[in-house]
Amino acid sequence: RPRSILKFKKYIFMFFALLLAIIWVNHYTKSKSSRKVPIEDLPAVENKSHEELIPTPRTESPQEKRLRLFRERLFDDDKEHKVTTTEQPYNLEETDYDVDLSEIQRSRRKRKKATSFFVMNPMCKIPYVDPFSKDALAILKPVPLDKCSKEGPIFELKFVQKLQRYRLRVNTTMLAKLVPNLPKYICKYREVTNDTISLWKTFENEAVIDWIPSGIVAECHVAQKGLRTIQEDAFPLVQMPYRRVHVESDPLKKRPSVLILGLESVSRMNFKRNMPKTAEFVEQEGWFELKGYNKVGDGAFSNLCAILGGAKSDVTCEQRFPLIWQAFRKAGYTTAFGEDSLESSVPSGFSTDYQFRTLLEDIGQSMGSVTRFGRKYCIGRRPSASYLLDFCLQFAQRVIVELDQPALGLFWSSTFTSDYRHGPTSLDERLVEFFRSMSEHHVLERSIVILLSDQGQMSGDLVNLPDGYLEERLPMMHIHLPPWFREAYPRFAGNLQDNRNRLTSPFDLHNTLRHILNLKALNPKEMVSLMSCRNTQSLLHLVPFNRSCEEACIGLHSCSCDDFELLPNDMGAYHLAKSLVSHINFWMLKKGFNLHCQRLRLSNLDYAERTFEKRNIMVVRLRVLTYPLESILSATLRYNLESGKVLALNIKDVSNLSSHSSSDCVKDRTAKKFCVC
């Protein structure tokens, strides 16, 4: 009996051992067959010296190979681009993909086929966009100008030629209207220089200002207990007491002054739409609109680095940005710089003969302010942009007109236009008045004036228009050549006329500034080429007709040349969207920003569109939504259909189209676009 019990135990042990073996084999086979496609893995990227490096993936699995072959058939619906394969077709429903493609929605609509173009050549086609299309007018909401104060000014400032000084007067008639039966009042002012702020100086009804300050702050108050302020105001000053008038009779020896007036985030189309009076003014004789002017990066900083520094990277910009100012000063030019916001959009580290920031900082602290359009709109009794335009006009009158001295000035405005698409409507009347004053004071007769922007709106309803990608990429650009310059250099004026419908970039404008210092250079070969962009040239030289974005130093994502077709929002497009997010996460990890920022995940795919460069190389433009915070990211990448590899994706060119931000924990401009602290 004990022997039979041992035999029974032996059979029980063998049974359970066999059962465990069967369970293990079944589990291994099932888990191997149900392994999901690792869509978060990073696709390989071929080495490119000028692009971001992306790591090589592991060996392609059979499931990944099936997905790659599916994408090739999915994207290559054109017979000309068919990829032959001996693989057997498979059922899409059997593909193991954990995404409900039916939930993906896109806001982008199919565009009508273009019949007219801003730029039309074999290398680049930029479709014409009607600023007053039905879709654009449906979201147009004009905003009236807020003058910040309904009171008339009690201070009058005038420059006295004989004294070469400013005279400040009190308008007693206006003062009596503001405060009837006023027994006694006290008026005073203080001087603001580049280094110090002086003590208050009292005066009765008139005061002659010393030539040292770059601005003054004035106020009048009731001469009683409590000292109630009646009104306060501020004025920028430009004085040159030791300069003599110098008139050059020979036009070929005369050096043209250059005044650059910038409005942040205004596209060509939005300028026409929201600033019709100013747009009409710059259609007069002597003005040239560059319809193919294309941005080279996101934001004012990147594009101003190209314009004034001829630089692509932030580091190079810091080194090169002061050079153009130094070159003009060495050539005898008087320089000035100002912007109407303390949240500077312009690279720092350069100095000019005249600047506006010290006065702006002073009145920003001492006077009350009102926020509008997301910026400090009113400072004291006037819009902040009004102070800037006064500074520009004072500079032009004192230096260019009265002393006939060459000058270079940059005046940058963001308070009206940067953060609100309809903000320019309220600036239109004020800006056209400014240009009329420039004309009446003979500034336009003597100066090259450049009215431009850095880019279009990067968020809001304009981006969602059928041609929203052009709203982002085509900033306004108008150049005025004075009559004497057009007569002295008819060839340059003719070239600028021909360049109106050719692809141009901020790097070309940088070369134009360099060319102004050497007008003897009649063709591009006579100028030293720009090291960072050797194929760019002066806008006063004839730009090549068959020009590509690469030749104009415009990156893949910023390029407006459009021959794209809309793709279906299906598995292949979704896989590319997942790859884009993975590349961004890898870049943040590589740079160490993952320590401060959350990891991005794909929330939705808005749209994807493609064009072919070669037989199996396509350029794909994507717009995706990510979480947390539902950020909208737009990117362009180059993709190889045969190898299934991303050939080019510059992370720094990826755009964030969201109006919100939660990236205060990092300072890097690229990381700020992706960071959610």
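Residues numbered from 1 in each chain as written. Predicted model: local features only at pLDDT ≥ 70, side-chain atom pairs only at ≥ 80, totals over all residues. Heavy atoms only, no water.

K.L.:
Help me understand the overall build of the protein in this model?
P.N.:
Along the protein, the regular secondary structure elements total 17 helices and 25 strands. Restricting the contact set of the protein to residue pairs at least 6 apart, pairs at least 24 apart contribute 70%. Surface exposure of the protein reaches about 32500 Å², of which carbon and sulfur atoms provide 52%. (Helix = DSSP H or I, 4+ residues; strand = E, 2+ residues; numbered from the N terminus. Contact = heavy atoms within 4.5 Å. Areas by Shrake-Rupley, 256 points an atom, 1.4 Å probe, with all protein chains shown as cover.)

K.L.:
Quick question: what am I supposed to make of the environment of Ser 302 here?
P.N.:
In this fold, Ser 302 is placed in helix H7 (residues 299-309). Its relative accessible area of 18% is what places Ser 302 among the buried residues. It is 8.0 Å that separates the C-alpha atoms of Ser 302 and Ser 313, two residues lying 11 residues apart in sequence. In this view, Ser 302 contacts Val 296, Gly 297 and Arg 669; residues no more than four positions away in its chain are not counted. (Buried < 20%, exposed > 50% of the residue type's maximum accessible area, 1.4 Å probe, protein only.)

K.L.:
Help me understand the state of the cysteines, please; the structure alone is not making it clear to me.
P.N.:
Each disulfide is one covalent bond, formed between the sulfur atoms of two cysteines. The final tally for this structure, using the stated rule, is 8 disulfides. With a sulfur-sulfur separation of 1.9 Å, Cys 124 is cross-linked through a disulfide to Cys 561. Around the S-S axis, the bridge from Cys 124 to Cys 561 shows a dihedral of about -90° and counts as left-handed. Linking Cys 124 in strand E2 (residues 124-127) with Cys 561 in the loop between helix H15 (506-516) and strand E20 (565-566), this pair joins segments that are 437 residues apart in sequence. A disulfide bridge connects Cys 187 with Cys 220, and the sulfur atoms are separated by 1.8 Å. Taking the sign of the S-S torsion, 105° for the link of Cys 187 and Cys 220, the bridge is right-handed. Taken together, the residues span a long stretch of sequence, with Cys 187 in strand E5 (residues 185-192) and Cys 220 in strand E8 (residues 215-222) at a distance of 33 residues. Each member of the pair, Cys 187 as well as Cys 220, is classed as buried. (Disulfide = S-S within 2.5 Å.)

K.L.:
Just to check I follow, could you spell out a nonpolar patch on the surface for this structure?
P.N.:
A contiguous nonpolar patch, built from Ile 12, Phe 15, Phe 16, Leu 19, Leu 20 and Ile 23 and spanning about 580 Å² of accessible area, is present on the exposed surface. Relative to the helices and strands, Ile 12 is located in helix H1 (residues 2-33). Ile 12 gets classed as partly exposed once you look at its relative accessible area, which sits at 34%. (Patch = residues over 30% accessible without salt bridge, like charges linked within 9 Å, V, L, I, M, F, W, Y side chains within 5 Å. Salt bridge = Lys/Arg side-chain N within 4 Å of Asp/Glu carboxyl O.)

K.L.:
Got a minute to help me understand the environment of Val 346 in this structure?
P.N.:
Turning to its location among the elements, Val 346 is positioned in the loop between strand E12 (334-339) and strand E13 (354-355). Residue Val 346 is classed as buried on the basis of its relative accessible area, which comes to 7%. Taking the C-alpha atoms as reference, Val 346 lies 10.0 Å from Phe 321; in sequence the two are 25 residues apart.

K.L.:
Teacher, can you tell me more about the packing of aromatic side chains here?
P.N.:
Aromatic ring pairs are defined here through the distance separating the ring centres and the angle between the ring planes. Evaluation of the coordinates by the stated rule reveals 19 aromatic pairs. Taken together, the aromatic side chains of Tyr 354, Phe 356, Phe 391, Phe 395 and Phe 411 make up a single cluster linked through ring pairs. Lying over the aromatic face of Trp 200, Lys 188 brings its terminal NZ or CZ to 4.7 Å of the ring centre. The residue whose ring lies beneath Arg 398 is Phe 159, and the NZ or CZ to ring-centre distance is 4.0 Å. (Phe/Tyr/Trp six-rings, centres within 6.5 Å; stacked < 30°, edge-to-face > 60°. Lys NZ or Arg CZ within 6 Å of the ring centre and 35° of its normal.)

K.L.:
How should I be thinking about the side chain of Ser 414 in this particular structure?
P.N.:
Structurally, the position occupied by Ser 414 is in the loop between strand E17 (407-413) and helix H11 (424-440). On the accessibility criterion, Ser 414 (1% relative accessible area) is buried. The residues touching Ser 414, leaving out its near neighbours within four places in the chain, are Glu 264, Asp 340, Ser 341 and Arg 375.

K.L.:
Any chance you could explain unusual backbone geometry here in plain terms?
P.N.:
Apart from glycine, the bulk of residues carry a negative phi angle, and the bulk of peptide bonds sit in the trans form. Of note, the bond from Tyr 627 into Pro 628 is cis; its omega dihedral lies within 30 degrees of zero at 10°. If you trace the backbone, Pro 628 turns up in the loop between strand E22 (617-627) and strand E23 (631-640). Even without glycine at this site, Gln 164 takes up a positive phi of about 55°. Following the sequence through the fold, Gln 164 ends up in the loop between strand E3 (155-160) and strand E4 (165-170). The partly exposed category is assigned to Gln 164, whose relative accessible area is 25%. You will see that Asn 181, though not glycine, has its phi angle at about 55°, which is positive.

K.L.:
So what exactly am I meant to see when it comes to the sheet that holds strand E18 (residues 447-452) here?
P.N.:
The strands making up a sheet associate through backbone hydrogen bonding, with each pair oriented either parallel or antiparallel. The sheet built from 7 strands is open, its strands ordered E11-E19-E18-E10-E17-E12-E13 with mixed pairing. Taken across any chain shown, the strands that pair with only one partner, and hence form the sheet edges, are strand E11 (287-289) and E13. Sheet analysis places strand E10 (residues 257-263) next to E17, joined by 6 bridges and oriented parallel. Looking at the pairing, Val 258 lines up with Leu 408 of E17. Packing of helix H10 (residues 384-402) onto the sheet brings it into contact with E10, E12, E13, E17 and E18, and relative to E17 it is tilted by some 170°. (Pairing = 2+ DSSP bridges. Axes fitted to C-alpha atoms, helices over the stretch in contact; angles between N-to-C directions.)

K.L.:
Help me understand the sheet that holds E5, please; the structure alone is not making it clear to me.
P.N.:
The 4 strands lie next to each other as E6-E5-E8-E9, forming an open sheet whose pairing is antiparallel. A strand with exactly one partner marks an edge of an open sheet, and here the two such strands are strand E6 (201-203) and strand E9 (229-236). On average, each strand axis in the sheet is inclined to that of its neighbour by 25°, with strand direction left out of account. Sheet topology note: the E5/E6 ladder contains 3 bridges and is antiparallel. Each bridged residue has a counterpart across the sheet, and for Lys 188 the counterpart in E6 is Thr 202.

K.L.:
How should the confidence of the model for the protein be read in this particular structure?
P.N.:
Any segment with low pLDDT has predicted coordinates that should not be analysed in fine detail. Scored by pLDDT, the protein has a mean of 82; 84% of the residues are at 70 or more. Across residues 30-58 the pLDDT falls below 50, and counting only partners more than four positions away or on other chains, this stretch makes 62 contacts in the model. A low-confidence stretch, residues 70-109 stays under pLDDT 50, and its non-local contacts, those more than four residues away or across chains, total 92 contacts. (pLDDT = per-residue confidence, 0-100.)

K.L.:
I'm lost on the pattern of salt bridges in this one. Help?
P.N.:
Where charged atoms from two side chains of opposite charge come close, those side chains can pair. Under the definition given, this model contains 29 salt bridges. Among the ionic pairs, Glu 289 bridges to Arg 268, the shortest N-O distance being 2.6 Å. Of the two residues, Glu 289 sits in strand E11 while Arg 268 sits in helix H5 (residues 268-274), which places them 21 residues apart along the sequence. With respect to burial, Glu 289 and Arg 268 carry one shared label: buried. Residue Arg 610 pairs with Glu 565 through a salt bridge whose shortest N-O separation is 2.8 Å. Here the residue Arg 610 occupies a position in strand E21 (residues 601-612), and Glu 565 occupies one in strand E20, the gap between them amounting to 45 residues. With relative accessibility at 38%, the residue Glu 565 sits in the partly exposed group.

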